[in-house]
Amino acid sequence: MKPRLAYLGFVVLVAAVVIAPLLSSNYRTFQLAFVGIYLIALLGLNILTGLTGQISLGHGAFMGVGAYATTILVVDHGWNNLLTLPVAGVVAGLAGLAFGLPATRFAGPYLALATFAIPLSFIGLLKRFPHFTGGTLGKQLPSVHSQFGFHTNPSVWVYWTSWIVALVMFVVAWLIVRGRFGRALRSVRDSEIAATASGVSTAGVKTVAFGISAFYCGVAGGLFAIAVTYVNPDTFPIDLSILLLVGVVLGGAGSLGGMVFGALFVEFIRITWGPALLDLFSQVHHINTRAPGSSLVVYGVVLLLVLYVAPAGAAGLVRRLVTGKAAVAAWAKQSQMPAEDQA
Amino acid sequence: MAPLLELKDVSARYGPVAALHGVSLTVDAGEIVAILGANGAGKTTTLRAVSGTVRRDGDVVFAGKRLGRMGPEGTARAGIAHVPEGRGIFAELTVWENLRMGAYMRRGRPNFSTVLEYFPWLDARRNQQAGTLSGGEQQMLALARAFLQRPRLLMLDEPSLGLAPLVTREVFRVVSDLNHKEGLAVLVVEQNAAIALGAAQRAYVLETGNVALSGTAEQLKSDDAVRSAYLGY
Amino acid sequence: MQQFFQALMAGLADGAIFASLALALVLIYKATEVINFAQGEMAMFTTYIAYALLTHPHFGHTLSYWPAFFMTLVIAFVFGVGLQRVVIKPLEKASVLTVVMATIALLVILNGLAAWIWSPELKFFPSPFPTSTWVIGGVHISKQDTGTFGVTLACVFVLWLFFRFTKLGLAMRAGAVNPVAARLLGVRTSWLLALGWGFAAVLGAVSGMMSAPTNFLSPSMMQAVLIFAFASAVLGGLESPVGAVAGGLGLGVLLSMLGTYVHPVTPELRLPVALLILLVVLLIKPAGLFGRVVVRRV
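Residues numbered from 1 in each chain as written. Chains lettered and ligands numbered in written order. Predicted model: local features only at pLDDT ≥ 70, side-chain atom pairs only at ≥ 80, totals over all residues. Heavy atoms only, no water.

1. Description of the sheet that holds strand 7 (residues 153–157) of chain B
Residues and elements named next belong to chain B.
- One open sheet accounts for 6 strands, arranged 6-7-8-3-9-10; its pairing is mixed. Of all the strands in the sheet, the pair left with one neighbour each is strand 6 (80–83) and strand 10 (210–216). Going across the sheet, the axis of each strand differs from the next one's by a mean of 15°, ignoring polarity.
- Alignment of strand 7 against strand 8 (residues 185–189), held across 5 bridges, turns out to be parallel. Across the sheet, Leu153 pairs through a bridge with Ala185, a residue of strand 8.
- Across the sheet, helix 9 (residues 224–231) is in contact with strand 3 (32–37), strand 9 (202–207) and strand 10; its angle to strand 9 comes to roughly 70°. (Pairing = 2+ DSSP bridges. Helix = DSSP H or I, 4+ residues; strand = E, 2+ residues; numbered from the N terminus. Axes fitted to C-alpha atoms, helices over the stretch in contact; angles between N-to-C directions. Contact = heavy atoms within 4.5 Å.)

Okay, here's the thing in structure tokens:
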């Protein structure tokens, strides 16, 4: 996107963040706080998936690492909850580096497979060491509503904390993407062998990307723990990891602005949009739209439809509208062979 | 009599790059026709346009019927065997499994005895992995497999590629044999103009996606331009 | 001794379940380079179908175990072929990444659908084998473990016979090696891919029905199994059917032995250990234990 348009987009985002809580109910403000938290996680995952083309089905677990770091520091060591956030990021980032160090040396499919094992392994570890993590019961955090002489209710406090962190990290992500490191990342995605030939250490670059993405998820996880005020092994299930990847893809992998759409999707599809879509159908058919699993079906179908119609995600759609050019979809690679004989 | 294969103004492209700009040519039943030309002239693309491994515009008529956009499997079923560039051997399968694949479209037990008359050495190698054969043997296996398709037209893409001169000559001897004894029509793309013109009755010369020259093998052999550009004397 | 053989048999039974799901993954990966993340949920869903056949009256009566088992395999086959035709085929020309995302969408949909139709609560699923044991030379051998191992490997063997000795099986192998050359020989590769999905679904159904009696039936029952299957397939090199089966059996036995003899390895650590094994193996042999290193194209 042209820089001028990007600045404009960011100004619109900041304006929306300032205005939104004024127009929202307390509950809606709380939901929007989670949009900010998911945005942080998606920005991180986007650096891995969008820029290097590696998919990860395990980043929810790095949110979990951050969340547990924050919780343990606050509950067991009496830290100020905001000060735990950098630590949450660093701990998750180190976990990401430790995993990425071997894993990013594998070719694409192997890495995706290995990441799929992270969330369930993480849950296993949490249950195995209960004296440290609280085991299946988890741990409870105090609810926060005033700090630095600033008194408000928990929803509003969480909203502002999340979004200020999110906007700062958005700018940082933008600097990363535009800089030398971002170029190295993109060269890895476009051609691993060519990148190696021009002196880029592909495994090294991917490992660092993995670490950065895990750092982002760790910060998001720390905020998540502060917002929900409890953590247990079920707080970060494999579904969350999948949802994060889906958010990146639907938002438009590789696009920072697209992650805002992705974060909205991640927060609202399961509790708000999914049931609303189902209600439309339920007027025609007699289906129980509040049944467990129903919103999962809706979100899976939405994902599938997006893959068919707009493989470059929401960002791709916007770009198409703005630039008027059709085939920007880097993902929709055309093959040259005519379709199969249907005889 | 109508030709067995007729290309009418066929063009093809790879993405934005046009590779053929309206090629017309014919192959009669029982004939060997060669396509000559430099690298990138569109020889391989011509064969691929016929078999449907590249999207084409323009008409291809085979045995009196227009070939639609039916894809490679449809073309094969219509009776055209295409031995592609690089021979298209299934390297991980055995020699015999490769041959069985040649007879994939045939119902009932395939008749391997005729094939073994032309390629007697295959019998002893039947359980060898095809990828471990030498280049010449792989080319022969590809020929044998194509023959098992019982095609009316055989299309060969650079059969001499990477082969020693003696082996190349042997490949072309078998091709001529199949042509004489079985009446198989052959359309062969070849860099090695001398050996191709030795086997073929007629030939086309392609330059940058167009037919630059055509005629009988004798005519082309004595053409000065062909001699200096492709025969080297 | 007694403990060793018990652990061995339990490991082989688990391993056979991993192996059949790993083989399902390899079938699809080998033909299309796509990892089917929905493989586990497909297995779970077909196991629910078996459950429905066993518990709900159809045409006035419920089926007994083995008729329901085989009917489920048939339904699974049709289900797999159908999914390929409806969901995956339209993405024929899309990138591998898009197709992988589509399998993830399928995972989400099937998971939700199962919870929606059958509720997310754990359900009991019967085993066709008695819980008693045979005593051979003073060693107790579980009939259930032996049966699970036998049934699963029998299905794998039948599939091997198909690939080895039938024309269609040969064509599927050829299409996986070189799809363009196969099409030039008249093979309708697109339908063979659907067939591959059908067989993968059948293998998944077997693994689901065999693991449900011990793990209980639930929408997330196959998630851990899928990860073990991933590890097995990777150990085997992702492209090698023999490797997948060997990897599955090996992983099953290894985990069972670790659980029996290494006390810090509690059941919660089975997955982290599997992940660790996966990482270590890939570090030492990046193409898996049975895989060949393929030179990557620029």
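2. Digging into the packing of aromatic side chains
- Considering all chains together, one arrives at 37 aromatic pairs over all chains under this definition.
- Aromatic side chains Phe224 of chain A and Phe236 of chain A sit 5.4 Å apart centroid to centroid with 55° between the ring planes, which places their arrangement in the tilted category. Here Phe224 of chain A is found in helix 11 (residues 202–228), whereas its partner Phe236 of chain A is found in the loop between strand 4 (230–231) and helix 12 (238–251), with 12 residues between them in sequence.
- According to the relative accessible area criterion, Phe224 of chain A is buried, its value standing at 8%.
- Among the aromatic residues, those joined into a cluster by ring pairs are Phe30, Phe34, Tyr38, Phe224 and Phe236 of chain A.
- Across the ring face of Phe165 of chain C, the terminal group of Arg164 of chain C is positioned such that the distance to the ring centre comes to 5.2 Å.
- The side chain of Lys167 of chain C reaches across the aromatic face of Tyr104 of chain B, ending 5.7 Å from its centre. (Phe/Tyr/Trp six-rings, centres within 6.5 Å; stacked < 30°, edge-to-face > 60°. Buried < 20%, exposed > 50% of the residue type's maximum accessible area, 1.4 Å probe, protein only. Lys NZ or Arg CZ within 6 Å of the ring centre and 35° of its normal.)

3. A closer look at the nonpolar core
- Core analysis: the largest hydrophobic core is formed by 223 residues, its most contacted members being Met63 of chain A together with Phe37 of chain C.
- Of all the elements, helix 1 (residues 2–32) of chain C adds the most residues to this core, at 16 residues.
- Those residues in contact with Met63 of chain A that lie beyond four places of it in its chain are Ile37, Tyr38, Ala41, Cys217, Ala220, Gly221, Phe224, Phe236, Leu240 and Leu244 of chain A. (Core = buried A, V, L, I, M, F, W, Y, C linked by side-chain atoms within 4.5 Å.)

4. Considerations on the pattern of salt bridges
- On inspection of all chains with the given rule, the structure shows 15 salt bridges over all chains.
- Close ionic contact of Glu97 of chain B with Arg173 of chain C constitutes a salt bridge, the shortest N to O distance being 2.7 Å. With Glu97 of chain B in helix 3 (residues 95–102) and Arg173 of chain C in helix 6 (residues 167–177), the pair connects residues from two separate chains.
- Residue classification places Arg173 of chain C among the partly exposed residues on the basis of a relative accessible area of 23%.
- Residue Arg126 of chain B is joined to Asp123 of chain B by a salt bridge in which the shortest nitrogen-to-oxygen separation is 3.0 Å. (Salt bridge = Lys/Arg side-chain N within 4 Å of Asp/Glu carboxyl O.)

5. Observations regarding the sheet that holds strand 4 (residues 56–62) of chain B
All names here are of chain B.
- Read across the open sheet, the 4 strands follow the order 2-1-4-5; overall the sheet is antiparallel. Unpaired on one side and paired on the other, strand 2 (17–27) and strand 5 (65–66) mark the two borders of the sheet.
- When strand 4 meets strand 5, the two strands line up antiparallel, connected through 2 bridges. Of the residues in strand 5, the one forming a bridge with Phe62 is Lys65.
- On the sheet, helix 1 (residues 43–51) packs against strand 1 (5–14), strand 2 and strand 4 and is oriented at approximately 110° with respect to strand 1.

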